[in-house]
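Notes for the structure review
Each chain is listed here by its residues.
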Amino acid sequence: MYDIIILGSGPAGLTAAIYAARANKKTLIIAGDTLGGQTAEIANLENFPGYMGSGMDWIQTTLKQATGFGAEIVYASATDIKWDGNFTYTVQCDNNKTYTASAIIMGTGARARRLEIDGARELVGNGVSYCATCDGFFYTGKRVLVIGGGNSALNDALYLADLASDVKIIYRKSAFTRAEAIIRDRVAARENIHPIFNTELKSIRKKPDSDSGELIATTTNGDEIECDGIFVAIGHEANTDYLDEGIKRDDVGRIVADDLPAGLFVAGDEKSGIKMQVATAVGSGCSAAMDAIAYVNTKGN
Ligand code: NAP
């Protein structure tokens, strides 16, 4: 049995693991299938204080810190959490194992919201992608569309503009007011990025008889845009599928921390009200760990 189990291996989870393990609590990180969550996909993490480099390098160093203090890690995803009401949580995982602890910190973050239009689901991995840093390379010298108008869409467009010959950003509003000014200015300065405002897609299909896998994206106005790949960046949804329906969520599905049962804590992007940033995830991971440590300490009293 562990003192504290941490779900997730992004900035919130790994920070919580450093604090928990360094406080001499027997700590397990249930990392998910891969290390680092969305942060691992950041090509250039440039707004985390005191650090300049890739998201994955930051994640690996932070994991090393946590394991250096004794935290253990397992690569699996939680499918269910049960609580006996008396200092024992049981986490069921998709590796067919269960793990028990006195306290749980949930830091499973968020996943990319899916584009629900005709053809989008079928073409994932075959022209449609949710990860510019993973798949951008395959579109070197080609034409791509980015869907969305927030920081993620504009960052993806900037990343792709270094590889692709032409990047069009399809956005349903008339200006990128949602994104940070510094990112908007960078986009405006790139000659091969072309925003198409006030536009939404209706469907995506393969161009008939195309040997190179070209796509045709059709807008709700009926216009057709030819391209080689489509990158979707239309926001995020909290990863909370393993949680009971009885756990209170806010109107965008994130967990309301104040209403959690004793011993269950939340940090990072899945926590209601938090800004989705690496810096805020680190802060909330620290905070959740300190609360969990205090909670576990009451067990002996
Ligand atoms: P976001 O800010 O929620 O933006 C999502 C975008 O997708 C919006 O422009 C939205 O349009 C559009 N959208 C949503 N559903 C759509 C649909 N069905 N069809 C077409 N477009 C749709 O999400 P995000 O860009 O992923 O960012 C999430 C959070 O992470 C934000 O807090 C952001 O600041 C943060 N973030 C920060 C950085 C950074 O610090 N550098 C980088 C990436 C992300 P509307 O605008 O019309 O709603």
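Conventions used here
- Residues numbered from 1 in each chain as written.
- Predicted model: local features only at pLDDT ≥ 70, side-chain atom pairs only at ≥ 80, totals over all residues.
- Heavy atoms only, no water.
- Pairing = 2+ DSSP bridges.
- Helix = DSSP H or I, 4+ residues; strand = E, 2+ residues; numbered from the N terminus.
- Contact = heavy atoms within 4.5 Å.
- Axes fitted to C-alpha atoms, helices over the stretch in contact; angles between N-to-C directions.
- Domains from an automatic or database assignment.
- Buried area = accessible area lost by both parts, 1.4 Å probe.
- Salt bridge = Lys/Arg side-chain N within 4 Å of Asp/Glu carboxyl O.
- Polar contact = N/O pair within 3.5 Å; in protein donor to acceptor, adjacent residues only side chain to side chain.
- Nonpolar A, V, L, I, M, F, W, Y, C, P; charged D, E, K, R; others polar.
- Disulfide = S-S within 2.5 Å.
- Buried < 20%, exposed > 50% of the residue type's maximum accessible area, 1.4 Å probe, protein only.
- Left-handed = near helix turned anticlockwise from the far one by under 90°.
- Phe/Tyr/Trp six-rings, centres within 6.5 Å; stacked < 30°, edge-to-face > 60°.

1. Re the sheet that holds strand β15 (residues 229–232)
Paired through backbone hydrogen bonds, the strands of a sheet run either parallel or antiparallel to each other. Strand order across the open sheet formed by five strands is β8-β15-β9-β10-β11, with parallel pairing between neighbours. Edge positions in the open sheet fall to β8 (128–129) and β11 (193–196), since each of these has one partner strand only. In the sheet, strand β9 (residues 143–147) pairs with β15 via four bridges, with the strands oriented parallel. Note that in β15 the partner of L145 across the bridge is I230. Against the sheet, helix α4 (residues 151–161) touches β9, β10 (166–170), β11 and β15, its axis set at about 170° to β9.

2. Notes on the domain arrangement of the protein
Split by domain assignment, the protein resolves into domain 1 (2–111 + 236–300) and domain 2 (128–232). When each unit is reduced to the centre of its C-alpha atoms, the spacing between domain 1 and domain 2 is 33 Å. Summed over both sides, the interface of domain 1 with domain 2 buries roughly 400 Å², with 42% coming from carbon and sulfur. Three residues stand out in domain 1 for area buried against domain 2, namely E41, A43 and E46, and they jointly supply 76% of the buried area on that side. R186 serves as the salt-bridge partner of E46, at 2.7 Å between the closest nitrogen and oxygen. Counting every contact that joins domain 1 to domain 2 gives two residue pairs in polar contact (both at pLDDT 80 or more). Here the side of domain 1 that touches domain 2 is composed, by residue class, of one nonpolar, one polar and two charged.

3. Details of the state of the cysteines
Under the definition given, this model contains one disulfide. At a sulfur-sulfur separation of 2.0 Å, the disulfide partner of C131 is C134. The sign of the S-S torsion, about 70°, decides the handedness of the disulfide formed by C131 and C134: right-handed. With a relative accessible area of 8%, C131 lands in the buried category.

4. Structural notes on the pattern of salt bridges
Scanning the entire structure with this criterion turns up 14 salt bridges. Residue K82 is joined to D80 by a salt bridge in which the shortest nitrogen-to-oxygen separation is 2.5 Å. For E214, the salt bridge is made with R143, and the minimal N-O distance between the two is 2.9 Å. With E214 in the loop between β12 (201–206) and β13 (215–219) and R143 in strand β9, this residue pair connects regions lying 71 residues apart in the sequence. Residue E214 is classed as buried on the basis of its relative accessible area of 15%. When salt bridges with common partners are traced through the structure, they connect R143, K207, E214, E226 and D228 into a single cluster.

5. Some points on the packing of α4 against helix α5 (residues 181–188)
For any two helices packed against each other, the geometry comes down to the angle between their axes and how far apart the axes lie. Axis separation between α4 and α5 bottoms out at 10 Å; the angle between their running directions is 35°. In the crossing of α4 with α5, the sense of the turn from one axis to the other is left-handed. Contacts between α4 and α5 involve N151, L154, N155 and L158 from the former and I183, R184, R186 and V187 from the latter. Its residues placed into classes, the contact of α4 with α5 shows four nonpolar, two polar and two charged.

6. Overview of the environment of F137
You can see F137 is positioned in the loop between α3 (132–135) and β9. Taking C-alpha positions, F137 is 6.6 Å from L163, a pair spaced 26 residues apart along the chain.

7. Considering the packing of aromatic side chains
Each aromatic ring pair is described using two quantities: the centre-to-centre distance and the angle formed by the ring planes. Taken as a whole and judged by the stated rule, the model has eight aromatic pairs. Ring centres 6.1 Å apart and planes at 70° place the aromatic pair F137 and F138 in the edge-to-face group. Here F137 and F138 have matching classes, each one exposed. Judged by centre distance (5.6 Å) and plane angle (25°), the ring pair of Y171 and F176 falls under stacked. Per residue, the accessibility class of Y171 equals that of F176, and both read buried.

8. With respect to unusual backbone geometry
The backbone phi angle of N96 is positive, close to 65°, even though this residue is not glycine. Here N96 is to be found in the loop between β5 (89–93) and β6 (98–106). The phi torsion at D209 lies on the positive side, around 65°, for a residue other than glycine. Looking at where D209 falls in the secondary structure, it is placed in the loop between β12 and β13. Overall, the relative accessible area of 81% leaves D209 in the exposed class.

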